[in-house]
Amino acid sequence: MKIAALVSGGVDSSVVVHQLKEQGYDPTIFYIKIGMEDEHGYVDCPSEEDIEITDYIAKKYGCKFEIISLHDEYWENVVKYTIESVRRGQTPNPDMMCNKLIKFGAFEQKYGHEFDKIATGHYATTTIVDGKTFLSTAKDKIKDQTYFLGQINYMQLSKLMFPIGHLLKSEVREIALQQKLPSATRKDSQGICFLGKINYNDFIKRYLGEQEGPIIELETGKILGKHKGYWFHTIGQRRGLELSGGPWFVVKKDMEQNIVYVANGYDPELQYGKTVKLRGFEFLTEDVWNGLPEERDILFKIRHTPDFTQGRIRKENDLYIIESTEKIQGIAAGQFGVVYDTEAKLCLGSGVIM
RNA sequence: UGAGCUAUGGUGUAACGGUAGCACUACAGUUUUUGGUACUGUCUGUCUAGGUUCGAAUCCUGGUAGCUCAA
């Protein structure tokens, strides 16, 4: 079986190679470059170290190694999507789109189609139910990354392998140490991948500029201060408002008038909601509810959090609507709502929060 | 050029004449493969010049600034 392993130079994907070799496979290693190094003078320093380590891994295990650039594809799809989403006042999720469009999209078209399987270092598993493959959660419930995979489709899913999905993070580190992999003690990556060390707000500013507008307390209509553009703030956000007498949380944005609305206190009611409306909902594997004629109990996430939230889902025309059991903080349009079964095992599908 | 009141970090506020504390912000870490949340930590202050006192943010005097009321 021909396997392509996507390796980034981090611990997780390094251990993926080890696991595959242990299982008797001989994967071809791909390092995907997507950074902004050639854009506008930005330099993506980490990639050099990443490539070095990946190269070392490839040599150590005697694997074919290819460095490929999907920079243009990434720019055309993910970065453009991110900027457009922010411009509309929404909260994008570039990393989910990266999985859907780049790692399992553009990569598949250009290189992956020659392979039988694509292996990645995601903390996720697959489960076969009635002969069909479902995305399912990782053994390590805290590191579980199925949320970020919620947007992929069945074709993509059925070609994927997650060799470390049944391991705990601590076990992965342990293996890396035992094998003396140079990435064993590297810090986990975090933050939007293509930005590297670039500050998010600087990035947004470069493309959308600044436009001063008022910060208004939603309950009273009082003007409390100024912001530099609604696109710098997201629903549920506390930091960056520079208002005293808080804490203040962003609860609403008026894109027409460039107003950011806030609410005060540690637990402002307005910060919470119970209804999450999803548009463009797609099942990952298949419609497990046969059109959802009546409400179903589910678990879901509206962000990448360690915890699942309980709720009930129903369908209204094209929309899937989740009524949460508990109040949830920071329901931000543009983020994805990912739905799981009541066991928190199978990842069923996802849609965009309205 | 009348009277009264107030002056404490970036902001809002505490401190019987006895170690200037708290909250928010900002910053830095932790957590997190999305600008979120949460958690931990750090910085910055007694308007000014004198005086009383062992000791002044506190009491007294002048100055300066602001607010209120009169005009």
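Read on for a plain summary of the structure.

Describing the sheet that holds strand S7 (residues 160-161)
Strands sit in the order S3-S2-S1-S4-S7 across an open sheet of 5 strands; the sheet is parallel. Each edge of the open sheet is held by one strand with a lone partner, namely strand S3 (65-69) and S7. Bridging between strand S1 (residues 3-6) and strand S2 (residues 28-33) involves 3 bridges; their strand directions are parallel. The partner of Ala 4 across the bridge, within S2, is Thr 28. Lying on the sheet, helix H1 (residues 11-22) is in contact with S1, S2, strand S4 (117-119) and S7; it crosses S1 at an angle near 155°. Contacts from helix H4 (residues 94-110) reach S1, S2, S3, S4 and S7, with the element oriented near 135° to S1.

A closer look at the nonpolar core
Ranked by internal contacts, the top residues of the largest apolar core, which has 55 residues, are Leu 70, Ile 102, Phe 107, Leu 135 and Val 262. Each residue touching Phe 107, except ones within four places of it in the same chain, is listed here: Ala 4, Leu 6, Phe 30, Ile 32, Ile 68, Leu 70, Ile 102, Gly 112 and Ile 118. In this structure, Val 15, Ile 57, Ala 119 and Ala 184 belong to the second largest nonpolar core, which totals 25 residues.

A word on H1
End to end, H1 covers 17 Å across 12 residues, agreeing with the expected 16 Å (1.5 Å per residue, within 8%). Most of H1 sits inside the fold, with 10 of its 12 residues counted as buried. In the stretch just after H1, Gly 24 is the one whose phi turns positive, near 90°.

What to know about the layout of surface pockets
In this approach the atoms are scanned with a rolling probe the size of a water molecule, which exposes any empty space left behind. Volume-wise, the second largest pocket comes out at about 360 Å³. Lining the second largest pocket are 16 residues, with Lys 228, Phe 232, His 233, Gly 240 and Glu 242 sitting closest to its centre. If you list the elements that add at least two residues to the lining of the second largest pocket, you get helix H8 (200-208) and strand S9 (223-227). Broken down by element, the residue count for the lining of the second largest pocket peaks at 3 residues, all from H8. Counted by class, the lining of the second largest pocket contains 3 nonpolar, 5 polar and 8 charged residues.

Here's the deal with the sheet that holds S9
Remark on secondary structure: sheet strands pair via backbone hydrogen bonds, oriented parallel or antiparallel. Pairing is mixed in the open sheet, where 4 strands are placed in the order S9-S8-S11-S10. Whereas interior strands pair on both sides, the edge strands pair on one side only; in this sheet they are S9 and strand S10 (248-254). Strand after strand, the sheet turns through a mean of 30° between neighbouring axes, direction not considered. For strand S8 (residues 213-217) and strand S11 (residues 259-264), the ladder comprises 3 bridges, and the chain directions are parallel. Across the sheet, the residue bridging to Ile 216 is Tyr 261, located in S11.

Some points on H4
With 17 residues, H4 ought to run about 24 Å at 1.5 Å a step, yet its terminal C-alpha atoms sit only 21 Å apart, falling short of that. Within the span of H4, buried status applies to Pro 94, Met 96, Met 97, Cys 98, Asn 99, Ile 102, Phe 104, Gly 105, Ala 106 and Phe 107.

A word on the packing of helix H3 (residues 71-87) against H8
The N-to-C vectors of H3 and H8 enclose an angle of 85°; their axes lie 11 Å apart at closest approach. Viewed along their axes, H3 and H8 adopt a mutual orientation that is roughly perpendicular. Residue-level contacts link Trp 75, Val 79, Thr 82, Ile 83, Val 86 and Arg 87 of H3 to Tyr 200, Phe 203, Ile 204, Tyr 207 and Leu 208 of H8. For the contact of H3 with H8, the class distribution of residues is 9 nonpolar, 1 polar and 1 charged.

Comments concerning the packing of aromatic side chains
All chains considered together, the criterion is met by 14 aromatic pairs. Ring geometry for Tyr 147 versus Phe 148: centroids 5.8 Å apart, planes at 85°, classification edge-to-face. Assigned by exposure class, Tyr 147 and Phe 148 land together as buried. Over the ring of Tyr 61 we find Lys 60, and its NZ or CZ is 5.7 Å from the ring centre. For Lys 327, the ring lying beneath its charged end belongs to Tyr 272, and the centroid distance is 5.8 Å.

Some details on the side chain of His 233
As for its placement among the helices and strands, His 233 is situated in the loop between S9 and S10. Setting aside chain neighbours within four positions, we find His 233 in contact with His 227, Gly 240, Leu 241, Val 250, Lys 253 and Val 260.

Things to note about the side chain of Thr 127
Relative to the elements of secondary structure, Thr 127 occurs in strand S5 (residues 125-129). There is a polar contact of 2.7 Å between the side chain of Thr 127 and the side chain of Ser 136. Not counting residues up to four positions away in its chain, the partners in contact with Thr 127 are Lys 132, Thr 133, Phe 134, Ser 136, Lys 345 and Leu 346.

Some thoughts on the packing of H1 against helix H7 (residues 169-178)
Two elements in contact, H1 and H7, have axes whose closest approach is 9 Å; the angle formed by their N-to-C orientations is 65°. If you check the angle between H1 and H7, you find them roughly perpendicular. Both H1 and H7 take part in a crossing whose hand is left-handed. Along its contact with H1, which presents Val 11, Asp 12, Val 15, His 18 and Gln 19, the element H7 presents Lys 169, Val 172, Arg 173, Ile 175 and Ala 176. For the contact of H1 with H7, the per-class residue count stands at 5 nonpolar, 2 polar and 3 charged.

Cut-offs applied
Residues numbered from 1 in each chain as written. Chains lettered and ligands numbered in written order. Predicted model: local features only at pLDDT ≥ 70, side-chain atom pairs only at ≥ 80, totals over all residues. Heavy atoms only, no water. Pairing = 2+ DSSP bridges. Helix = DSSP H or I, 4+ residues; strand = E, 2+ residues; numbered from the N terminus. Contact = heavy atoms within 4.5 Å. Axes fitted to C-alpha atoms, helices over the stretch in contact; angles between N-to-C directions. Core = buried A, V, L, I, M, F, W, Y, C linked by side-chain atoms within 4.5 Å. Buried < 20%, exposed > 50% of the residue type's maximum accessible area, 1.4 Å probe, protein only. Expected span 1.5 Å × (residues − 1). 1 Å grid on protein atoms, 1.4 Å probe; cavity = no way out; pocket = protein on both sides within 12 Å on 5 of 7 lines; lining within 4 Å. Points joined across faces, edges and corners; volume = space filled by probe spheres on them. Nonpolar A, V, L, I, M, F, W, Y, C, P; charged D, E, K, R; others polar. Parallel < 35°, antiparallel > 145°, perpendicular 65-115°, else oblique. Phe/Tyr/Trp six-rings, centres within 6.5 Å; stacked < 30°, edge-to-face > 60°. Lys NZ or Arg CZ within 6 Å of the ring centre and 35° of its normal. Polar contact = N/O pair within 3.5 Å; in protein donor to acceptor, adjacent residues only side chain to side chain. Left-handed = near helix turned anticlockwise from the far one by under 90°.

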